[in-house]
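# Structural overview for review
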Amino acid sequence: MFNKIKQLILQKSDSYNFYKNQYTILNNELENKIDELETSNKKLQEDVKKLTNKNIELSDQLKENTKKNSQILDSYNNSFNTIFLDYNLEPKGALKNTHLLCIELLNLIVNICEKYNLSYWLDYGNLLGAVRHDGFIPWDDDMDVGMMRKDFNKLLEVLPNEIKINNLENYLDIQIDEKLSENSIFTFLQIRCLKGKKFYGGIDIFAYDFLVSPFDGIDEKFNSERKSFLLKLLKGTPRSIAIDEYYDSFNLSYDKQDYMIPGIDGVRSKWNTYDFVVMDTNMIFPLKTITFCGVEYNCPRNPDYYLKCIYGEYYDIPKIIGRHKRIRGIRRISDVDGAYKPYFDKLREVNNNY
């Protein structure tokens, strides 16, 4: 009875009827929203299912295309190995002239080394070219030479005067410790034949250092020392001081040791072209000779060991080839032979007089 009376009273209450109506409206809206969300969720689930199936389909297509691309690359790579390793190919035009000019530059450095009793050896791409191609790597356009630090320092000392007394100032450009930008610097020795911005040929010379003994974490320390060395040069510290500080920190020696490492001013570190490596000195010295383009030049005692320290397995043509692309502009010169002739004439004259 009480509940009936209570219900009659509430039904006659305006506020009760107002809130009841509001509740009914909101409840209906909520139920409609739930219905919409369930419909939307169902559609999303269907879309997810379609996208999942599409992703599986695309993944299968990607695997198939990757397999086909790999087969195509393998086919090209096999063809390149046949062409570049089993045939005697001769360069022409600008590349031929660049190769011949680079040999003259190499002969100049060899003559200077012999004059001052300095040791050198064919390095990087030229040693690889000598072993794999009996000369230049077909797409190469410069020379690479290695020297121990003591001989490298002596070359830096005598080179400017050798260029001067042979009247080569207008033919050769020496680049070392030059800022390329506010935050980068060029550190190894490069001798180039330039005309304006056109590169006709060049030789890169890299220093190496004797290591008293290897130690744990040497790779990380080398990377840290290289960063410190570059910052010192950027801030104006003289090269000789920066090298001396590095020698003290890394326990290096100018005298022969059982181990040797690439120079801090070369192209080896985790940021550069090649990785840092510790080499067995007895695999490098005493130097021997190897034929490069028909002429005997110095090379490491064990070229196979040395090249594997640089490239790993090196004999086959790699699938990814690094190129300098320096001679693209020279190819468009109408008289390529004429453009190179002054450099040939002068360098041959100088080399013949040593």
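Heads up: the structure comes first, above all this text.
Another aspect to go through is the packing of helix α3 (residues 93-115) against helix α9 (residues 336-352). Axis separation between α3 and α9 bottoms out at 10 Å; the angle between their running directions is 15 degrees. When the interaxial angle is binned, α3 and α9 end up roughly parallel. Classified by chirality, the crossing of α9 by α3 is left-handed. Within the contact between the two elements, α3 uses Gly93, Ala94, Asn97, Thr98, Leu100, Leu101, Glu104, Leu105, Asn107, Leu108 and Asn111 and α9 uses Val336, Asp337, Tyr340, Tyr343, Phe344, Leu347, Arg348, Val350 and Asn351. For the contact of α3 with α9, a count of residues per class yields 11 nonpolar, 6 polar and 3 charged.

If you trace the backbone, Ala339 turns up in helix α9. In the structure, Ala339 is positioned 144 residues away from Lys195 in sequence and 9.2 Å away in space, judged by C-alpha atoms. Residues in contact with Ala339, not counting those within four places in the same chain, are Tyr200 and Ile333.

On the surface, Lys195, Lys198, Arg328, Arg331 and Arg332 cluster together into a positively charged patch. Positionally, Lys198 belongs in strand β7 (residues 198-211).

Following the criterion strictly, the structure yields 0 disulfides and no others. In this structure Cys193 is not part of a disulfide, and its nearest cysteine sulfur, from Cys102, lies 7.9 Å away. Of the residues examined, Cys193 reaches a relative accessible area of 0% and is grouped as buried.

Turning next to the layout of surface pockets. Approximately 1,100 Å³ is the volume found for the largest pocket. What lines the largest pocket is a set of 43 residues, and nearest its centre among them are Tyr124, Val267, Thr273, Tyr274 and His324. Of all the elements in the fold, those that place two or more residues in the lining of the largest pocket are α4 (124-133), β5 (184-186), β7, α6 (218-234) and α8 (303-311). Of the residues forming the lining of the largest pocket, the biggest block, 5 residues, is contributed by α6. Among the residues forming the lining of the largest pocket, the class breakdown is 21 nonpolar, 10 polar and 12 charged. Estimated volume of the second largest pocket: approximately 630 Å³. Taken together, 20 residues make up the lining of the second largest pocket; nearest its centre are Leu89, Glu90, Pro91, His133 and Phe136. Looking at the lining of the second largest pocket, the element that brings in the most residues is α3, giving 5 residues. Of the residues that constitute the lining of the second largest pocket, the class distribution is 11 nonpolar, 4 polar and 5 charged.

Rules used throughout
- Residues numbered from 1 in each chain as written.
- Predicted model: local features only at pLDDT ≥ 70, side-chain atom pairs only at ≥ 80, totals over all residues.
- Heavy atoms only, no water.
- Axes fitted to C-alpha atoms, helices over the stretch in contact; angles between N-to-C directions.
- Helix = DSSP H or I, 4+ residues; strand = E, 2+ residues; numbered from the N terminus.
- Parallel < 35°, antiparallel > 145°, perpendicular 65-115°, else oblique.
- Left-handed = near helix turned anticlockwise from the far one by under 90°.
- Contact = heavy atoms within 4.5 Å.
- Nonpolar A, V, L, I, M, F, W, Y, C, P; charged D, E, K, R; others polar.
- Patch = residues over 30% accessible without salt bridge, like charges linked within 9 Å, V, L, I, M, F, W, Y side chains within 5 Å.
- Areas by Shrake-Rupley, 256 points an atom, 1.4 Å probe, with all protein chains shown as cover.
- Salt bridge = Lys/Arg side-chain N within 4 Å of Asp/Glu carboxyl O.
- Lys, Arg positive; Asp, Glu negative; His and termini not counted.
- Charge placed at Lys NZ, Arg CZ, Asp CG, Glu CD.
- Disulfide = S-S within 2.5 Å.
- Buried < 20%, exposed > 50% of the residue type's maximum accessible area, 1.4 Å probe, protein only.
- 1 Å grid on protein atoms, 1.4 Å probe; cavity = no way out; pocket = protein on both sides within 12 Å on 5 of 7 lines; lining within 4 Å.
- Points joined across faces, edges and corners; volume = space filled by probe spheres on them.

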